[in-house]
Amino acid sequence: MDQKKMQKEIEDLIQLDIDAIHSYEQTIEKIEIIEVRRQLLSFKQEHERHVRDLSPKLAALGGKVPRSPDLKGYLIEGFTSLRSSTGTKGALKAMQSNEKLTNRKYEEAVKKDFPADIRGIIENNRLEEAKHLRYIEEALSQKMWETKQPTRRTDMHDQLFNTLKTDHEEVKKIFTRIQETESGSERKNLVETLRKEILPHMIGEEKIIYASLKEQKDAWSDALESIEEHHAAQIVLQELVHLSPDDEHFRAKASVLKEMVEHHIKEEEETIFEDLRQVLSDKRAKEILDGFNREKEMAKSNYPDIPFVTMQPPGVRA
């Protein structure tokens, strides 16, 4: 692919993400369900990161980086705003249309002859776009707008647990794709996607969620066990990140990590969640949810420099 064509391809992808950002802004404020609004906000932030990651590549090629929606973007934004005015169902349907377009463009782009560094960014972005569309289509199929809003006490705790479960399910899906793909490059990209998803989640859990249990002896004992499980999983993940996807040990190591993480998730959802329900008041559950989201997004914003947060033995961490 010559330089001019490459410029145009990358510029179009950036423009697509900018248009998506503005559509999400129109949608999020119309969503009545807090959990859906939170999830769409995280998707908007991922679109913003796509722009940040691709913009230097376009500039290095001598291209001009778009800064605002184009005419098509303004038309999409208006359409999204109109459909979103009908509430959560209309907003989700509008975003489904937008994400189908974005997914298709990224799927086309990843097949083109980009240099390896640009191709890696496009592939990571494509995987995130697929995640966005999956969530929106699941929310539509489940008719989430028909779900009765729980009482305030249940609402605060369930919002916290549902947030964690959403992350857990996404990690499980990544592991499944790692196992199923026959492409070495896709396995490598999926492991990087796993790192980007799982480490910020662990950081938020350790700094905010587990820390909230420190004053309760039995609950803190459960939290310490979970921290040790994080530490062990991160060691294996670090090894997997640095292992060639064609190495004969790759699939075995990925399988071991999957088993470790799924065991951890099961224990957390059965034990830690109950500890949190017993320990946290309504107000405190809301504070913990906000703190977890804040820490996770802060860690994600540092990508690719997200640290393996438990490199030193857990017993000596600050």
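As a reminder, the structure under discussion sits directly above these lines.
Residues numbered from 1 in each chain as written. Predicted model: local features only at pLDDT ≥ 70, side-chain atom pairs only at ≥ 80, totals over all residues. Heavy atoms only, no water.

Chemist: So what about the overall build of the protein chain? Which residues, and what values?
Modeler: Along the backbone of the protein chain there are ten helices and zero strands. Scanning the protein chain from its N terminus toward the C terminus, one meets helices and strands in the order α-α-α-α-α-α-α-α-α-α. For the protein chain, buried positions account for 52% of its 318 residues. Considering only residue pairs separated by 6 or more positions, the protein chain has 79% of its internal contacts joining residues 24 or more positions apart. (Helix = DSSP H or I, 4+ residues; strand = E, 2+ residues; numbered from the N terminus. Buried < 20%, exposed > 50% of the residue type's maximum accessible area, 1.4 Å probe, protein only. Contact = heavy atoms within 4.5 Å.)

Chemist: Kindly report on the nonpolar core, identifying the contributing residues and their values.
Modeler: Grouped together as the largest cluster of nonpolar side chains are 26 residues, with contacts concentrated most on Ile178, Val191, Leu194, Ile198, Leu237, Leu257 and Val261. Counting only elements with at least two residues in this core, the list comes to helix H6 (152–180), helix H7 (184–209), helix H8 (217–241) and helix H9 (250–279). The element that contributes the greatest number of residues to this core is H7, accounting for seven residues. Those residues in contact with Leu257, other than ones at most four positions away along the chain, are Phe175, Leu194, Ala233, Val236, Leu237 and Leu240. The next biggest cluster of nonpolar side chains, apart from the first, holds 19 residues, and it includes Ala219, Ile227, Ile288 and Leu289. (Core = buried A, V, L, I, M, F, W, Y, C linked by side-chain atoms within 4.5 Å.)

Chemist: Explain the side chain of Gln96 residue by residue, including any values.
Modeler: Within the secondary structure layout, Gln96 lies in helix H4 (residues 88–109). Since its relative accessible area comes to 18%, Gln96 is described here as buried. Each residue touching Gln96, except ones within four places of it in the same chain, is listed here: Leu133, Ile136, Glu137 and Leu140.

Chemist: Outline the environment of Gln216, listing residues and values.
Modeler: By the element assignment, Gln216 lies in the loop between H7 and H8. Separated by 59 residues in sequence, Gln216 and Asp275 place their C-alpha atoms 9.1 Å apart.

Chemist: Go over empty space enclosed by the protein with me, naming the residues and quoting the values.
Modeler: One pass over the structure, following the stated rule, counts three cavities of 30 Å³ or more. Considered as a void within the structure, the largest cavity measures approximately 70 Å³ in volume. Asp167, His168, Val171, Ile198, His201, Met202, Glu205, His230, Val261, His264 and Ile265 together form the lining of the largest cavity. Where the lining of the largest cavity is concerned, the elements lending two or more residues are H6, H7 and H9. Of all the elements, H7 adds the most residues to the lining of the largest cavity, at four residues. Among the residues making up the lining of the largest cavity, the classes are represented as five nonpolar, four polar and two charged. (1 Å grid on protein atoms, 1.4 Å probe; cavity = no way out; pocket = protein on both sides within 12 Å on 5 of 7 lines; lining within 4 Å. Points joined across faces, edges and corners; volume = space filled by probe spheres on them. Nonpolar A, V, L, I, M, F, W, Y, C, P; charged D, E, K, R; others polar.)

Chemist: Which residues make up the packing of aromatic side chains, and what are the values?
Modeler: Within this structure, the stated rule accounts for two aromatic pairs. Taking 5.7 Å as the distance between ring centres and 80° as the angle between the ring planes, the aromatic pair formed by Phe43 and Tyr135 counts as edge-to-face. Separated by 92 residues along the polypeptide, Phe43 in helix H2 (residues 34–60) and Tyr135 in helix H5 (residues 116–141) bring together distant segments of the chain. Residue Phe43 shares its accessibility class with Tyr135, and that shared class is buried. A centroid spacing of 4.5 Å and a plane angle of 10° characterise the contact between Phe161 and Phe273, whose relative ring orientation is stacked. Of this pair, Phe161 sits in helix H6 while Phe273 sits in helix H9, and the two are 112 residues apart along the sequence. Here Phe161 and Phe273 have matching classes, each one buried. The ring of Tyr303 is capped by Lys196, whose NZ or CZ atom sits 4.7 Å from the centre of that ring. (Phe/Tyr/Trp six-rings, centres within 6.5 Å; stacked < 30°, edge-to-face > 60°. Lys NZ or Arg CZ within 6 Å of the ring centre and 35° of its normal.)

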